[in-house]
Each structure stands twice: as structure tokens, then as C-alpha cells.
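Spelled out from the first residue to the last, the chains are:
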Amino acid sequence: MKRAYRYRFYPTDAQAAELSRTFGCVRKVYNLALAARTEAWARQERVSYNQTSAMLTAWKKTEELAYLNDVSSVPLQQCLRHLQVAFTNFFGKRAKYPCFKSRKKSRRSAEYTSSAFRFRDGKLTLAKMTEPLAVVWSRPLPEGAKPSTVTVSQDSAGRWFVSLLCEDPSVRPLPATGQAVGVDVGLEHLLTLSTGEKSANPRHERRDRVALARQQRRLARKEKGSANRARARLKVAKIHARIADRRRDSLHKLTTRLVRENQTIVIEDLTVRNMVKNHRLARAISDAAWSEFRSMLEYKAQWYGREVIAVDRWFPSSRLCSACNTLRDTMPLNVRTWTCGCGATHDRDVNAAHNLLAAGLAVTVCGAGVRPQRSTPDGRSATKQKPSRREP
């Protein structure tokens, strides 16, 4: 299994200038190739990677684009390969049509293959550079690892990162546990498990909300295009980066523990992009990062031989009694505990986790890829019974 190891590094002024030039050339080549392919698409013609590679050679010979020769050719070729992948996903209806890269908003990165870097004795040297990068090796690479690709990037807060892709023998299926758990996500508690365990919502954004608002007000008062505005924008970006780092760290710890302890994990197939349209809850939902939680859970389960089952988002997990399967007509968000007609008293989130687990296990019995039926025990359609914003 290949795994990327990400480290922070501190470039010299010369290295930072060289990498900045490379980022700009990568963006320029990507946009030129995308424009050429778009024009060909309008003529009902297709342009392959080999054709764009030939175009790159021709662009380097022109006076206007001669500066492309000043940087390593490998990142330029790699961006053309990335564009080819983007078009492959578009034609396969897995993604939207590729868009142009903006100088201010697009990610600043460049990818180097093995022919464009040297990794010896724990020192990484990129093409067109004479000195190795000052990398902070916060964790060791796998023993005997040889990186196949190296990706250098700079985030909006000005921090530099290098990502090394290499074979990791430690990523292998874990021993089967036979344990299954249902996971209900929420805002009051980030996770509620079918075992009754609840994980508090750290609310990382709320901790820095005052400082963030102060810096954003200062940024709004700065003149556009000025150096003061650039410095103010950097302060805002650093606060956002600090929030994102804390959120990512806590999600990694939660998902790793769930995957190690359970063989089957059942979650709800939420459409977060629709839920954030509710402006009263959008900030809290975004801070909870439910989509990132699911993404981490899925790829770690694939690494370690676990199974993640996503139950249909219309399944009425909160309104269904896990003891007698009686379905309530309504369940406002302010109702956290309720008593069913059968006498069972339920915690709203724990009950939802129990129902998700039962529905997920039914999926495994019916067959992989089969979702629970949308009809409820009383024969009514769950699709019409449950508004999408009432079941966080």
C-alpha cells in the first residue's frame, strides 16, 4: 500500500523563489493546455496527453513562454498528466469539467517524480536546487522507504509542506474483531455510538471566533493591493490554518480508534452540501466537518480491512423506536429524550445510532451495496416523512 507522508520544511530565500517560479509555471501550463483542449472540444475534437506534451515543447521555444525553460520540466509534465486525469473523470461522469487555476485562489503545488529529486541519508534535494530542503522530520519514514513522488506545496498561511509517496508495509489488514457499531453524528455531541458512548464536539472554530472576527475586520479596512492588506490577509489565514489543524488532528484520533476497535462501522449518508444551506446551522455543521470524518473513516477502513456502510439519508433513524419499531410522525430538534408507547425511554442520538446499526447489519445480510428500503414499518414512505434538515 502506498502512503503519503507529509512534513513541514523551511526553504531558503533562493529555494522559495525557485519554488514560487515553479508554481507559476505549473499554473500557466495547466491553463494553456486546458484552453487548448477546450477549443478542441468545441470543434468536437479530443486532445490527448501526448498532444499536450508536444504543445509544451513548442511553447518553450516561443519568446513569450521561454521562461518555462528556467524551471524543472517534470512538474510541468506532471500537471499535464493531472489534467488528463481530470478529463478522464469528466468523461466518466465522476467529476465536473476542469476549471482554470487562479493565481490567488488555486493551490500552490508542484509534483516531482524520481527523476527530479534526490533522497539520500534523510536529505531531500529537488531539481534545479543545490542544497537540500530543511525538512522537519516529525515522524520517521518506513524503514527502507524510497519515495516515488514528492509534492511540494504552500498553503494560504505561507507554510511550506513536502509530501513523500512511498510504500508502507505497516498498512495491512488488522485482525478481525467481529464488533459492529452504529455512529450518529450531531452538533451537541460530535459522535454518538450505539454502545452509548458520546464524543463531545470540540467546536474548534468557536475557540478562535473572537480573534478571527477581529483580524477579519482589520483586513476589511485595508486598501486592496497594499502590503498592509497582504499582511492582514496572512494573519487571517494563520487563524484558519490553526483551526483546521486542530480539527484534523481530533478527527484522525477518532477515526483511527473506531477503525481499530470495530470490524463494521455504520454511518448515515448525509448530504452536507445541502444541509449547510440552513444558515442558522451552517457554521456549526462546517465546524463539525462531517464530510471529512466520513472520508477519513472510509480510506482507513480500506487500509485495514474494515467495512463502512452508509445508510440511506432518508432512513428515519431518530423517529424510529429501536425497541418496537414504532415510527413517530415528528421529532423536533429540541427533543433530546422521548418515551415510546411501548414504555421505552430513548436518548435521541443513542436511539438513532441503534437504528443505524440495525439497518447497516441488514445491508450486510441482504448483500453488499444494498441500502435499506425507504418504506417504514407502518408502510409509509420514509422519504415523505422526514425533512432533510430535521435529522442532523
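These numbers come from a predicted model, not from an experiment.

## Some thoughts on the overall build of the protein chain
For the protein chain, the count of helices and strands is eleven helices and 14 strands. Each principal axis of the C-alpha distribution contributes one length, and for the protein chain these read about 80 × 50 × 50 Å. Buried residues in the protein chain amount to 43% of all 392 residues. Placing the 72 positive and 35 negative side-chain charges of the protein chain at their respective mean positions leaves the two points 5 Å apart.

## So, the UniProt feature "domain: Cas12f1-like TNB" (unreviewed entry) in the protein chain
Following the UniProt record, the feature "domain: Cas12f1-like TNB" (unreviewed entry) maps to residues 290–356 here. Annotated as 36% helix and 16% strand, the span residues 290–356 places its first and last C-alpha atoms 16 Å apart.

## Considerations on the domain arrangement of the protein chain
Assigned domains of the protein chain: these are domain 1 (2–167) and domain 2 (180–202 + 244–366). Domain 1 and domain 2 are separated by 38 Å when their C-alpha centres are compared.

## Description of the sheet that holds strand S11 (residues 264–268)
Within a beta sheet, neighbouring strands are joined by backbone hydrogen bonds and run either parallel or antiparallel to one another. The strand order S10-S9-S8-S11-S12 describes an open sheet built from five strands, whose pairing is mixed. Pairing within the sheet leaves two strands with one partner each, and these edge strands are strand S10 (198–200) and strand S12 (307–311). Taken over all neighbouring pairs, the strand axes of this sheet differ in orientation by 20° on average, direction set aside. In this fold helix H6 (residues 227–261) packs onto strand S8 (180–185), strand S9 (189–193), S10 and S11, with an angle of close to 5° to the strand it touches most, S9.

## Some points on the packing of helix H5 (residues 209–221) against H6
Axis separation between H5 and H6 bottoms out at 9 Å; the angle between their running directions is 160°. With respect to their mutual orientation, H5 and H6 come out roughly antiparallel. Of the two elements, H5 crosses H6, and the hand of that crossing is left-handed. Counting all contacts with H5, which are made through Ala211, Leu212, Gln215, Gln216 and Leu219, the residues of H6 involved are Arg229, Ala232, Arg233, Lys235, Val236, Ile239 and His240. Looking at the contact of H5 with H6, its residues break down into six nonpolar, three polar and three charged.

Cut-offs used in this document
Residues numbered from 1 in each chain as written. Predicted model: local features only at pLDDT ≥ 70, side-chain atom pairs only at ≥ 80, totals over all residues. Heavy atoms only, no water. Helix = DSSP H or I, 4+ residues; strand = E, 2+ residues; numbered from the N terminus. Buried < 20%, exposed > 50% of the residue type's maximum accessible area, 1.4 Å probe, protein only. Lys, Arg positive; Asp, Glu negative; His and termini not counted. Charge placed at Lys NZ, Arg CZ, Asp CG, Glu CD. UniProt positions renumbered as here; feature names shortened; annotations may be inferred. Domains from an automatic or database assignment. Pairing = 2+ DSSP bridges. Axes fitted to C-alpha atoms, helices over the stretch in contact; angles between N-to-C directions. Contact = heavy atoms within 4.5 Å. Parallel < 35°, antiparallel > 145°, perpendicular 65-115°, else oblique. Left-handed = near helix turned anticlockwise from the far one by under 90°. Nonpolar A, V, L, I, M, F, W, Y, C, P; charged D, E, K, R; others polar.

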